[in-house]
Amino acid sequence: MTIKKTDANDIETLMQIRLEMLRVVNNLNDSEDFSDQLLECSREYFLNGDQTTVFAMDGDKIEGCASLSYTTIMPTFDHPTGKRAHLMNVYTRSQFRRRGVGKMMVQFLIDEAKSRGVTEISLDATQMGHFLYKSLGFNDNVEGMILSIK
């Protein structure tokens, strides 16, 4: 298995696997449609967003994907670069699960983040992924507050 950083040439495959992941995570069937806004904004983000997305590949078969979105905030004592990242869309296709695919992708993205000066990676873990993230050193976090603006 190899880890491949995606680029603009992978956009159709990226969109396909992202929608597959959204269906699985949200328990949607194949006939569920996604909004035009979600599709358009996802495509734009993969093409122009400050992110790294990877595929786990076995030859020409994609076993999974994962993304890291980068943000920069005002530097602080704990985060002197102000560079942070959010891990998203970690997805391994069912037939490849429990083989270390997710771990390889996330470790690759952690190393990528370090090389970019990132000092903190956040994520929203599903129950299924919690053990994976703990094994890679992520800690549960109850700090902070959030405001959802709709």
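Cut-offs and rules
Residues numbered from 1 in each chain as written. Predicted model: local features only at pLDDT ≥ 70, side-chain atom pairs only at ≥ 80, totals over all residues. Heavy atoms only, no water. Helix = DSSP H or I, 4+ residues; strand = E, 2+ residues; numbered from the N terminus. Buried < 20%, exposed > 50% of the residue type's maximum accessible area, 1.4 Å probe, protein only. Contact = heavy atoms within 4.5 Å. Pairing = 2+ DSSP bridges. Axes fitted to C-alpha atoms, helices over the stretch in contact; angles between N-to-C directions. Parallel < 35°, antiparallel > 145°, perpendicular 65-115°, else oblique. Left-handed = near helix turned anticlockwise from the far one by under 90°. Core = buried A, V, L, I, M, F, W, Y, C linked by side-chain atoms within 4.5 Å.

(A) Representation of the environment of Leu 109 within the structure. Counting through the fold element by element, Leu 109 comes out in helix 3 (residues 101-115). With relative accessibility at 1%, the residue Leu 109 sits in the buried group. C-alpha of Leu 109 to C-alpha of Lys 150: the two residues are 41 residues apart in sequence and 30 Å apart in space. The residues contacting Leu 109, other than those within four sequence positions of it, are Thr 52, Val 54, Ala 66, Ser 67, Leu 68 and Leu 87.

(B) Quick look at the sheet that holds strand 5 (residues 120-123). Spatially, five strands are ordered 1-2-3-4-5 in an open sheet, and the strand pairing comes out mixed. Looking at which strands have only one partner, the edges of the open sheet turn out to be strand 1 (2-5) and strand 5. Sheet twist, expressed as the mean angle between neighbouring strand axes with direction ignored, is 25°. Across eight bridges, the pairing between strand 2 (residues 51-58) and strand 3 (residues 61-72) is antiparallel. Bridged to Asp 58 within strand 3 is Lys 61. Where helix 3 meets the sheet, it contacts strand 1, strand 2, strand 3, strand 4 (83-92) and strand 5, and its direction lies at approximately 30° from that of strand 3.

(C) Region of interest: the pairing of strand 3. When you tally the buried positions in strand 3, you get nine out of twelve residues, the bulk of the element. Where strand 2 folds back onto strand 3 in an antiparallel hairpin, the turn is made up of two residues, including Gly 59, whose phi is positive at roughly 65°. The sheet contact formed by strand 3 and strand 4 spans eight bridges and is antiparallel. Bridge pairing links Thr 72 to Lys 83 in strand 4.

(D) Main features of the packing of helix 1 (residues 11-25) against helix 2 (residues 36-48). The interhelical angle for the contact between helix 1 and helix 2, taken along N-to-C directions, is 130°, at an axis separation of 10 Å. Between helix 1 and helix 2, the crossing angle belongs to the class labelled oblique. Along this stretch, helix 1 crosses helix 2, giving a crossing that reads as right-handed. Packed against helix 1, whose contacting residues are Ile 11, Glu 12, Leu 14, Met 15, Arg 18, Leu 19 and Leu 22, the element helix 2 presents Leu 38, Leu 39, Ser 42, Arg 43, Phe 46 and Leu 47 at the interface.

(E) Quick peek at the nonpolar core. Counting 19 residues, the largest nonpolar core has Leu 68, Leu 87, Val 106 and Phe 138 as the members making the most contacts within it. Looking at this core, the elements that each hand over two or more residues are strand 2, strand 3, strand 4, helix 3 and helix 4 (130-135). Sort the elements by how many residues they give to this core and helix 3 lands first, with six residues. Aside from chain neighbours lying at most four places away, what touches Val 106 is Leu 87, Val 90, Leu 132, Tyr 133, Leu 136 and Phe 138.

In short, geometric facts, not functional conclusions.
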